[in-house]
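The residues making up each chain are set out below.
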Amino acid sequence: MSATADHAEERTNSAARLGFEPGQVVQEIGYDDDVEQELREGIEATTGQELVDEDYDDVADVVLLWFRDEDGDLTDALVDAIGLIEDGGAVWLMTPKTGREGYVEPSDINEAAQTAGLSQTKSINAGKDWTGSRLVTPKSAKAKR
């Protein structure tokens, strides 16, 4: 396998490890120059389609929400994200790691998720500068057990 193929496989495995599946529609919110490009590419490779942006006018299977402390109210952002997904869908909340600009305290994530009616099911290292939290509605959290 070539180094390029190894690198592509690494990105794809990262996205598959997060639970992304072929055919899923992933709506991305909060994109900026600082996001983890390799993760984005891996999600696209795993799902077999490009990420859709904030202007997408149908429901998605998953919302990929990049959120920094200065982006406003996290609870509002999560409530908006819930409205964009299918029943049983998930929100992957990506926040900067500790010490990075825009870092969000884990307690703030937990409080905002609970207020929005979401449960955190998984946390992951989403790249060099980002941490990911998988958030689901309690009903879908039970269905996944």
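- As recorded in an unreviewed UniProt entry, the chain goes by the name DUF3052 domain-containing protein, listed as coming from Streptomyces sp. 900116325.

### Here we look at the overall build of the chain
Moving on, step 1. Each helix and strand in the chain was counted, giving five helices and five strands.
Moving on, step 2. Ordered by position from N to C terminus, the α and β elements of the chain give α-β-α-β-α-β-α-β-β-α.
Moving on, step 3. Looking at the chain as a whole, 42% of its 145 residues are labelled buried.
Moving on, step 4. Within the structure as shown, the chain displays about 7,900 Å² of accessible surface, and the carbon and sulfur contribution to it stands at 44%.

### Looking at the pattern of salt bridges
Moving on, step 1. Tallying each qualifying case throughout the model produces five salt bridges.
Moving on, step 2. One salt bridge in this structure joins glutamate 28 and arginine 40, with 2.6 Å as the shortest N-O distance. One end of the pair, glutamate 28, is in strand E1 (residues 26-29); the other, arginine 40, is in helix H2 (residues 37-47), and 12 residues separate them in sequence. You'll find glutamate 28 and arginine 40 in the same group, each marked buried.
Moving on, step 3. With a shortest N-O distance of 3.8 Å, aspartate 129 and lysine 128 are connected by a salt bridge.
Moving on, step 4. Owing to a relative accessible area of 23%, aspartate 129 belongs among the partly exposed residues under this scheme.
Moving on, step 5. Looking at lysine 128, the relative accessible area reads 59%, which means it is exposed.
Moving on, step 6. Salt bridges sharing partners connect three or more residues here, namely Asp34, Arg68 and Asp71.

### A closer look at the environment of glutamate 44
Moving on, step 1. Structurally, the position occupied by glutamate 44 is in helix H2.
Moving on, step 2. Sequence separation between glutamate 44 and valine 25 is 19 residues, and the spatial gap between their C-alpha atoms is 9.6 Å.
Moving on, step 3. Not counting chain neighbours up to four residues away, the residues in contact with glutamate 44 comprise Gln49, Glu50 and Leu51.

### Some words on a negative patch on the surface
Moving on, step 1. The grouping of Asp53, Glu54, Asp55, Asp57, Asp58, Glu86 and Asp87 at the surface amounts to a negative patch.
Moving on, step 2. A relative accessible area of 79% means that aspartate 87 is categorised as exposed.

### Overview of the side chain of threonine 47
Moving on, step 1. You can see threonine 47 is positioned in helix H2.
Moving on, step 2. Within polar-contact distance, the side chain of threonine 47 engages the backbone oxygen of glutamine 49 at 3.2 Å.
Moving on, step 3. The contacts of threonine 47, once residues within four sequence positions are left out, are Phe20, Glu21, Pro22, Gly23, Gln24 and Val26.

### So, the nonpolar core
Moving on, step 1. Ranked by size, the top nonpolar core spans 18 residues in total, and within it Leu65, Leu74, Leu78 and Val91 carry the most contacts.
Moving on, step 2. Those elements that provide at least two residues to this core are strand E2 (60-66), helix H3 (74-82), strand E3 (85-96) and helix H4 (106-116).
Moving on, step 3. Sequence-distant contacts of leucine 74, that is, excluding residues within four places in its chain, are made with Phe67, Leu93, Val104, Asp108, Ile109 and Ala112.
Moving on, step 4. In terms of nonpolar packing, the next biggest core, distinct from the first, is built from 16 residues, Leu18, Phe20, Val35 and Trp130 among them.

### Brief notes about the side chain of arginine 40
Moving on, step 1. Judged by its relative accessible area of 15%, arginine 40 is buried.
Moving on, step 2. With residues near it in sequence (within four places) discarded, arginine 40 still touches Glu28, Tyr31, Val35, Leu51 and Trp66.

Quick notes on the rules
- Residues numbered from 1 in each chain as written.
- Predicted model: local features only at pLDDT ≥ 70, side-chain atom pairs only at ≥ 80, totals over all residues.
- Heavy atoms only, no water.
- Helix = DSSP H or I, 4+ residues; strand = E, 2+ residues; numbered from the N terminus.
- Buried < 20%, exposed > 50% of the residue type's maximum accessible area, 1.4 Å probe, protein only.
- Areas by Shrake-Rupley, 256 points an atom, 1.4 Å probe, with all protein chains shown as cover.
- Salt bridge = Lys/Arg side-chain N within 4 Å of Asp/Glu carboxyl O.
- Contact = heavy atoms within 4.5 Å.
- Patch = residues over 30% accessible without salt bridge, like charges linked within 9 Å, V, L, I, M, F, W, Y side chains within 5 Å.
- Lys, Arg positive; Asp, Glu negative; His and termini not counted.
- Charge placed at Lys NZ, Arg CZ, Asp CG, Glu CD.
- Polar contact = N/O pair within 3.5 Å; in protein donor to acceptor, adjacent residues only side chain to side chain.
- Core = buried A, V, L, I, M, F, W, Y, C linked by side-chain atoms within 4.5 Å.

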